[in-house]
Amino acid sequence: MPKRGIDISSYEMKNEEEKNFQLDLLRKTLGSIQDLVVVIDRDLRIVTSNWKNCESITSNDKQGHPYCYSCLMKRSTPCEPCHLLEVFTTGNCKKFEIEDPLDGKTKAIELSPIFDDEHHVTMVVRHSRDITERKDVEKILKMRERQHAAVAKLGQQGLSGVDLELLMKESVKLVAQTLDVEYCRIMKQEKDGNLVMLAGVGWEEENGKTEDIS
């Protein structure tokens, strides 16, 4: 009976096909992610990316291996502090928020290390997610919280019988601080039709005096 041998060429071909399949799957997976994902090496150069939402970056930069700080942060020198270098040094993930120079939106940045077989950090994955809408909602909720607190405080002062003039001055200060505005005033219309300011912050009165807004 003839000995059955191993077809090395067939095995290598199947192994190569499997590798190509895995690489193609990884490329498709990366391309399907709607957030910007960038892989950066120890020289701070971009190795690969899905380039999502990066219309302001030129095609030449996308095809090459630009420095991350030049391409993503529009800087001529590395960022200070450089969170990437911290990840390369510590091997720990890093999360922070920035105002993205590429589009001016608020982004949540997550940096994740890639290790080699000896557990050395060789590259870092930079994941950027748009959180502008969430931050806007948080800002509205905080403003409403300040508004409720201001109303409660004014109500307490009103019930305590505080002097009306003092109450109006306190009111315009609280309203200005709560709404984060520079000007606020309370006006009264006289019988002759003229308007008189009873209390205000940021306004110059006719006598040249300015209310203290601090």
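Check the entry above for the structure.
Residues numbered from 1 in each chain as written. Predicted model: local features only at pLDDT ≥ 70, side-chain atom pairs only at ≥ 80, totals over all residues. Heavy atoms only, no water.

1. Some points on unusual backbone geometry
The test is simple: In DSSP terms, a helix is any run of H or I states spanning at least four residues, a strand is any run of E spanning at least two, and both are numbered starting from the N terminus. Partly exposed describes any residue whose relative accessible area lies between the buried limit of under 20% and the exposed limit of over 50%, with all areas from a 1.4 Å probe on protein chains only and scaled to the type maximum.
P81 follows E80 through a cis peptide bond whose omega is -5°. With respect to the secondary-structure elements, P81 resides in the loop between α3 (68-71) and α4 (83-90). Even without a glycine there, the phi angle at L44 is positive, about 65°. With respect to the helices, strands and loops of the structure, L44 is situated in the loop between β1 (36-41) and β2 (46-49). With a phi close to 55°, K74 is a non-glycine residue in the positive phi region. Summarising the element assignment, K74 is placed in the loop between α3 and α4. In this structure K74 comes out as partly exposed when scored by relative accessible area, which is 47%.

2. Brief notes about the pairing of β1
We apply this condition: The rule for pairing is simple: two strands pair if DSSP sees at least two bridges between them.
Counted residue by residue, β1 has 6 buried out of 6 residues, so it is predominantly covered. Along β1, one buried face is formed by L36, V38 and I40 and the opposite face, lined by V37, V39 and D41, is buried too. With 6 bridges joining them, β1 and strand β5 (residues 121-130) adopt antiparallel strand pairing. In the sheet register, V39 faces β5, and the bridge partner there is V125. Alignment of β1 against β2, held across 3 bridges, turns out to be antiparallel.

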